[in-house]
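Structural description and commentary
One letter stands for each residue in the lines below.
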Amino acid sequence: MIKKILMIQVAILVLAAAGLGGFSWYIYKKDFGVTYKGRARLDYNWKYHFAELPKEEYTFNGRLFSYKYPKFKVDREIAPIEDENGGYLVDGHWVLTVIWYKKDPGIIKTEFLRHLSGKEPAALSWEFRDWLHPNPPYAEPRGHHEDYDNFYETRAEKIMFKHGGEALLVSFLSKVPDRAHVKIIAGITPGGQLFKASIMVRYNVSQETYQELVFFPHTCMRIPNPAHDAQSVYFLNKFIETLEFKK
């Protein structure tokens, strides 16, 4: 009898181990944007897959538009900071930043409307990219825009907000380590005010750097953050799905 119980327990353990192994392989194979292999990939994908993505929401209800954003346990409702130039707001986790302008450089609005009017956005000018992403995190001083393409691949596409309105989604994909992949939505309100919403998609580090910072930390800072990366995509999608312009 005891032998039979032991055999059943062993069988259960073997099945559990096989199930966990199969699920781990499923997580490992998912594409969350990294090219890591082995332990680094499993660690990143596991943390990304199980990131906290709350279903409860807050609603930002501003003068120009409203949108919903996830309600984390330690969050409070966000309030905009506004002055004569416009305003901005950022959630408590510093995931999604939204900025709007009362006065826009005419050249920026003209180019923005030109990108929306065509079937596909044209190549973005340096001035427009600088307006979108004015402080790209690389070491070159401002004004060295001829080197911009050495650091980033820029992709632009037109998108539609779920509740009406068209926008430009621009991805700044880092070509070098220790730089952030960034996505920025540029839109315009029915009243003609430009706004933009941005997230850091992922901090671009090599597999070796990821392993060193995560598995063998020698500093209190851990720059790679898979959960934050997953939350960023979730925040941006929620913004696109829930943004509504004021009439």
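Summarised in this report is the structure supplied together with it. Per-chain numbering applies: the sequence of each chain, read as written, is numbered from 1 onward. Confidence filtering applies because this is a predicted model: local features only for residues at pLDDT of at least 70, side-chain atom pairs given and counted only at 80 or more, and all residues used for totals across whole chains, interfaces and linings. Think of the side-chain values as coming from all heavy atoms in the structure, minus any hydrogens and water.

**Looking at the nonpolar core**
For our purposes a nonpolar core is just a set of buried Ala, Val, Leu, Ile, Met, Phe, Trp, Tyr and Cys residues, chained together by side-chain atoms within 4.5 Å. Relative accessibility thresholds used throughout: buried, under 20% of the residue-type maximum; exposed, over 50%; partly exposed, between the two (1.4 Å probe, protein chains only). Phe65, Tyr67, Leu96, Val98, Phe161, Ile185 and Phe239 are the most contacted members of the largest nonpolar core, which has 28 residues in total. Contributing elements (two or more residues each) for this core: strand E1 (57–61), strand E2 (65–70), strand E5 (97–101), strand E7 (166–174), strand E9 (194–204) and helix H7 (226–242). Those residues in contact with Phe239 that lie beyond four places of it in its chain are Tyr67, Leu96, Val98, Phe161, Ile185, Phe195 and Ala197. If you look at the next biggest cluster of nonpolar residues, it comprises 21 residues, including Leu132, Val170, Val182 and Ile184. A run of DSSP states H or I qualifies as a helix once it reaches four residues; a run of E qualifies as a strand once it reaches two. Both are numbered from the N-terminal end. Contacts: residue pairs with any heavy atoms within 4.5 Å of one another.

**Structural notes on the packing of helix H2 (residues 38–49) against helix H6 (residues 207–215)**
The contact between H2 and H6 brings their axes to 10 Å, and the two run at 65 degrees. Between H2 and H6, the crossing angle belongs to the class labelled roughly perpendicular. Crossing handedness for the pair H2 and H6: left-handed. Here Arg39, Ala40, Asp43, Tyr44 and Lys47 of H2 come into contact with H6, specifically with Gln207, Tyr210, Gln211, Val214 and Phe215. Residues belonging to the contact of H2 with H6 are distributed by class as follows: five nonpolar, two polar and three charged. As a rule, the C-alpha atoms of each element are fitted with a line to give its axis, helices using only the stretch in contact, and angles between N-to-C directions run from 0 to 180 degrees. Comment on the angle field: the value is read as roughly parallel under 35 degrees, roughly antiparallel over 145, roughly perpendicular from 65 to 115, and oblique elsewhere. Note on convention: the crossing is left-handed when the near helix lies turned anticlockwise from the far helix by less than a right angle, right-handed when the turn is clockwise. Ten residues, namely Ala, Val, Leu, Ile, Met, Phe, Trp, Tyr, Cys and Pro, are considered nonpolar, four, namely Asp, Glu, Lys and Arg, are considered charged, and the remaining ones, Gly among them, are considered polar.

**Looking at the packing of H2 against H7**
Remark: H2 packs on H7, axes separated minimally by 7 Å, with the N-to-C direction vectors making an angle of 45 degrees. By the angle class used here, H2 and H7 are oblique. Between H2 and H7 lies a crossing whose hand is right-handed. For the pair H2 and H7, contact is made by Tyr44, Lys47 and Tyr48 and by Pro226, Ala227, Asp229, Ala230 and Val233, respectively. Of the residues belonging to the contact of H2 with H7, the class tally is six nonpolar, no polar and two charged.

**So, the environment of Leu42**
Position of Leu42 relative to the elements: it lies in helix H2. Expressed as a C-alpha distance, the spacing of Leu42 and Tyr28, which sit 14 residues apart in the sequence, is 5.1 Å. Beyond its immediate chain neighbours, meaning those up to four positions away, Leu42 contacts Ser24 and Tyr28.

**Focus on the sheet that holds E2**
Read from one edge to the other, the open sheet built from three strands follows the order E1-E2-E10, with strand pairing classed as antiparallel. Bordering the open sheet on either side are E1 and strand E10 (244–245), each of which pairs with just one other strand. Across the sheet, H7 touches E1, E2 and E10, and the angle it forms with E2 is around 145 degrees. Note on pairing: DSSP must find at least two bridges between two strands before they are called paired.

**With respect to the sheet that holds strand E8 (residues 179–188)**
In spatial order, the strands read E3-E4-E5-E9-E8-E7-E6; together these seven strands make up an open sheet with antiparallel pairing. Each edge of the sheet is formed by a strand with only one pairing partner; in this case those strands are strand E3 (81–83) and strand E6 (152–160). Strand-to-strand twist across the sheet, computed as the mean angle between neighbouring axes with direction ignored, equals 15 degrees. Sheet analysis places E8 next to E9, joined by ten bridges and oriented antiparallel. Note that in E9 the partner of Ala180 across the bridge is Tyr203. Against the sheet, H7 makes contact with E5, E6, E7, E8 and E9, and its axis sits at roughly 160 degrees relative to E9, the strand it touches most.

**Looking at the packing of aromatic side chains**
Each aromatic pair joins two rings of Phe, Tyr and Trp (for Trp, the six-membered one) with centres within 6.5 Å, and gets the label stacked for planes under 30 degrees apart, edge-to-face for over 60, and tilted for any other angle. Per the counting criterion, the structure on display carries 23 aromatic pairs. Between Phe72 and Phe235, the ring centres sit 6.0 Å apart and the planes meet at 15 degrees, which makes this aromatic pair stacked. Of the two residues, Phe72 sits in the loop between E2 and E3 while Phe235 sits in helix H7, which places them 163 residues apart along the sequence. As far as the burial class goes, Phe72 and Phe235 line up, both buried. Centroid distance Phe161 to Phe245: 6.1 Å. Interplanar angle 80 degrees. Geometry classified as edge-to-face. Here the residue Phe161 occupies a position in the loop between E6 and E7, and Phe245 occupies one in strand E10, the gap between them amounting to 84 residues. For Phe161, a relative accessible area of 3% puts it in the buried group. Grouping aromatic residues by their ring pairs yields a cluster made of Tyr58, Phe60, Phe65, Tyr67, Tyr69, Trp100, Phe161, Phe195, Phe239 and Phe245.

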